[in-house]
Amino acid sequence: FWLKEQLGSEQASLALRRLVPRCTCVCPKLGWMSFAKQIVVDCRGHLLGRLSSIIAKELLNGQQVVLLRCEDMNMSGSLYRAKLKYANFKRKKTNSNPRHGPFHQRAPSKIVWRTIRGMVPHKTARGAASLDRLKCFEGIPHPFDRKKRMVIPAALKVLRLRPERKFCK
């Protein structure tokens, strides 16, 4: 219904079928659900910041969330820009002893986890408890390969980013 308003019925159905053919459930913002026990999200084709903000809000509301295929997430902007930003982040370290942190994780699931942590008040008990409800994985591990995976259209690159804009994985 809401996709038809944005794209038209044919374009909306084609975009979702072409992007994620194996995902069976599509939800606009997760807010309409009556608190599922666990939400399993397929991250393929989603924009990092948009998905992270939606997931952070759901975690703070008490929802358990599992993110799969974090390696296939997209970031808006060119690859060169993303490399510059990450190189700038890697330079930040403790001056007296760099082993004290901050730690710069390279795994895609850890990058997604840290992005979400930046959107949650993780130093409070409520924020720490919400981060405990989050699980991030590369690929689709065993218990989740048989579960229904969701797509969040508010964070999909194909719906949120104009075609001429650059993006990177």
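Residues numbered from 1 in each chain as written. Predicted model: local features only at pLDDT ≥ 70, side-chain atom pairs only at ≥ 80, totals over all residues. Heavy atoms only, no water.

**Q** Go over the overall build of the chain, please, and point to the residues and values.
**A** Looking only at helices and strands, the chain features seven helices and seven strands. Sequence-ordered secondary structure for the chain, helices as α and strands as β, is α-α-β-β-α-β-β-α-α-α-β-β-α-β. Burial status across the chain gives 37% buried among its 169 residues. Considering only contacts within the chain whose residues lie at least 6 apart along the sequence, 79% involve residues at least 24 apart. In the form shown here, the chain has an accessible surface area of approximately 10700 Å², with 53% of it arising from carbon and sulfur atoms. (Helix = DSSP H or I, 4+ residues; strand = E, 2+ residues; numbered from the N terminus. Buried < 20%, exposed > 50% of the residue type's maximum accessible area, 1.4 Å probe, protein only. Contact = heavy atoms within 4.5 Å. Areas by Shrake-Rupley, 256 points an atom, 1.4 Å probe, with all protein chains shown as cover.)

**Q** Report on the pairing of strand 3 (residues 65–68), specifying residues and quantitative values.
**A** The alternating pattern of strand 3 places Val65 and Leu67 and Val66 and Leu68 on opposite faces, both of which are buried. As defined by bridge partners, strand 2 (residues 39–42) adjoins strand 3 across four bridges and the pair is classed as parallel. Bridge assignment links Ile39 to a residue of strand 3, and that residue is Val65. For the crossover from strand 2 across helix 3 (residues 48–60) to strand 3, the handedness is right-handed. (Pairing = 2+ DSSP bridges. Right-handed = clockwise from strand over helix to strand, strands pointing away.)

**Q** Lay out helix 5 (residues 108–117) with the relevant residues and their values.
**A** Of all the residues in helix 5, the buried ones are Ser109, Val112 and Ile116. Taken down its axis, helix 5 places every buried residue within 65 degrees of arc, on the same side. Against helix 3, strand 3, helix 6 (125–132) and strand 5 (134–136) lie the buried residues of helix 5. (Arc of directions from axis to C-beta.)

**Q** Could you give me a rundown of the pattern of salt bridges, with the residues and numbers involved?
**A** Per the stated rule, a full pass over the model turns up three salt bridges. As a salt-bridge pair, Arg149 and Asp42 come within 3.9 Å of each other at their nearest N and O atoms. Here Arg149 is found in the loop between strand 5 and strand 6 (150–151), whereas its partner Asp42 is found in strand 2, with 107 residues between them in sequence. Asp42 carries the same exposure label as Arg149, and that label is buried. (Salt bridge = Lys/Arg side-chain N within 4 Å of Asp/Glu carboxyl O.)

**Q** I'd like to hear about the nonpolar core, residue by residue, with values.
**A** With 24 residues, the main nonpolar core has Val41, Leu51, Ile55, Leu67, Val112, Ile116 and Leu134 as its most contacted residues. Secondary structure elements with two or more residues in this core: strand 2, helix 3, strand 3, helix 5 and strand 5. No other element matches helix 3, which puts seven residues into this core. Excluding residues within four positions of it along the chain, Leu51 makes contact with Val41, Cys43, His46, Met73, Ile152 and Ala155. (Core = buried A, V, L, I, M, F, W, Y, C linked by side-chain atoms within 4.5 Å.)

**Q** Please give an account of the confidence of the model for the chain that cites residues and values.
**A** Mean pLDDT over the chain works out to 83, with 80% of the residues at or above the 70 mark. Counted against residues more than four places away or in other chains, residues 20–24, with its pLDDT under 50, gives 10 contacts. (pLDDT = per-residue confidence, 0-100.)

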